[in-house]
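# Results of the structural survey
Here is how the chains run, residue by residue.
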Amino acid sequence: MSDNFKKIRILTECAIMIALSCVLSVITIYSLPQGGSITAFCQVPIIIISYRHGLKWGAFSGFVLSVFQLISGLSAFSYVKTIPAYIAVALLDYIIAFTVLGFGGMFRKKIKNQSLSIGLGAGIVSLIRLLCHFLSGVTVWADYAEGWKNVWIYSLAYNGSYMGIETAITVLGVVMLGGVLDFSSSNLTRKQK
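To start, this report covers the structure provided alongside it. (Residues numbered from 1 in each chain as written. Predicted model: local features only at pLDDT ≥ 70, side-chain atom pairs only at ≥ 80, totals over all residues. Heavy atoms only, no water.)

Looking now at the overall build of the protein chain. In terms of regular secondary structure, the protein chain is built from 6 helices and 2 strands. Helices (α) and strands (β) of the protein chain occur, in sequence order from the N terminus, as α-β-β-α-α-α-α-α. A compact globule built from 193 residues should have a C-alpha radius of gyration of about 16 Å, and the protein chain, at 17 Å, falls within 12% of that. A principal-axis box enclosing the C-alpha atoms of the protein chain has dimensions of 60 × 30 × 30 Å. Burial status across the protein chain gives 48% buried among its 193 residues. By sequence separation, contacts in the protein chain at least 24 residues apart represent 68% of the contacts at least 6 residues apart. As presented, the protein chain carries roughly 10500 Å² of accessible surface, and 70% of it is formed by carbon and sulfur atoms. The averaged location of the 7 negative side-chain charges in the protein chain is 14 Å from the averaged location of its 15 positive side-chain charges. (Helix = DSSP H or I, 4+ residues; strand = E, 2+ residues; numbered from the N terminus. Rg over C-alpha atoms; globule rule 2.2 N^0.38 Å. Buried < 20%, exposed > 50% of the residue type's maximum accessible area, 1.4 Å probe, protein only. Contact = heavy atoms within 4.5 Å. Areas by Shrake-Rupley, 256 points an atom, 1.4 Å probe, with all protein chains shown as cover. Lys, Arg positive; Asp, Glu negative; His and termini not counted. Charge placed at Lys NZ, Arg CZ, Asp CG, Glu CD.)

This is the structure we're talking about:
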């Protein structure tokens, strides 16, 4: 297989997985009133790309997804009051939060067991995404912490309430898929023993 053909195949796979992530992000299980939602496995396709083709392709796919998420979440900016807050929301709630999903395959060459490797990677990048939303909650969305004595606890409780479940769904999804598919195989099929 030529290098150009291989790159085109990977790019096509990335485009399909980004599109799948976008579609799955619209299928919400639960949406919180001030932003954030639990989706039907929307993080899984980007993590699989990272595991299959490496962190560079994963980060690229995560970044493209982040741009789509930013565009679809533009209504959140109507509540932002300052230029630094606009920048913080764009970076923390969208660009960094979704690009980091592209590092979900970080343990591919370090842990032989595929399900364990991708599950651990998925858990870590989901927690980093939670950290992004947490920092945004503390710095930008603190005004919504009415009734809470501590904005840090408010942000952790609010963002943790949906990201905890989103993390569990993501880890479950990649581990289950990793149990039946071989992500390192070009056609995803497991070798018969």
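Moving on, there is more to tell.
Structurally, K6 is set in helix 1 (residues 3-26). A C-alpha to C-alpha distance of 32 Å links K6 and T167, two positions 161 residues apart in sequence.

Formed by 35 residues in total, the largest nonpolar core has its most connected members in V89, Y94 and I118. Sorting the residues of this core by element identifies helix 1, helix 2 (44-53), helix 3 (55-72), helix 4 (83-99) and helix 5 (114-139) as the ones contributing at least two each. When residues in this core are grouped by element, the largest group, 9 residues, is from helix 4. Residue contacts for I118: discarding those within four places in its chain leaves I47, I48, Y51, G104, V174 and F183. (Core = buried A, V, L, I, M, F, W, Y, C linked by side-chain atoms within 4.5 Å.)

As enumerated under the stated definition, the model contains 8 aromatic pairs in all. Ring geometry for F134 and W152: centres 5.7 Å apart, planes at 50°, overall tilted. Within this pair, whereas F134 is found in helix 5, its partner W152 is found in helix 6 (residues 151-180), the two being separated by 18 residues in sequence. Centre to centre, the rings of Y158 and Y162 are 6.4 Å apart; their planes meet at 75°, and the pair counts as edge-to-face. One end of the pair, Y158, and the other, Y162, are both in helix 6, 4 residues apart, so they sit about a helical turn from each other. (Phe/Tyr/Trp six-rings, centres within 6.5 Å; stacked < 30°, edge-to-face > 60°.)

Before going further, it helps to spend a moment on the pattern of salt bridges. One pass over the full model with this rule turns up 2 salt bridges. Residue E13 is joined to R9 by a salt bridge in which the shortest nitrogen-to-oxygen separation is 3.7 Å. Here E13 and its partner R9 are both found in helix 1, 4 residues apart, which amounts to about one turn of the helix. Across the pair R52 and E13 runs a salt bridge, and its minimum N-O distance is 2.5 Å. (Salt bridge = Lys/Arg side-chain N within 4 Å of Asp/Glu carboxyl O.)

Among the structural elements, S50 can be located in helix 2. According to the relative accessible area criterion, S50 is buried, its value standing at 1%. If near-sequence neighbours (up to four positions away) are discounted, S50 is found in contact with L55, G58, G102, F103, G104 and G105.

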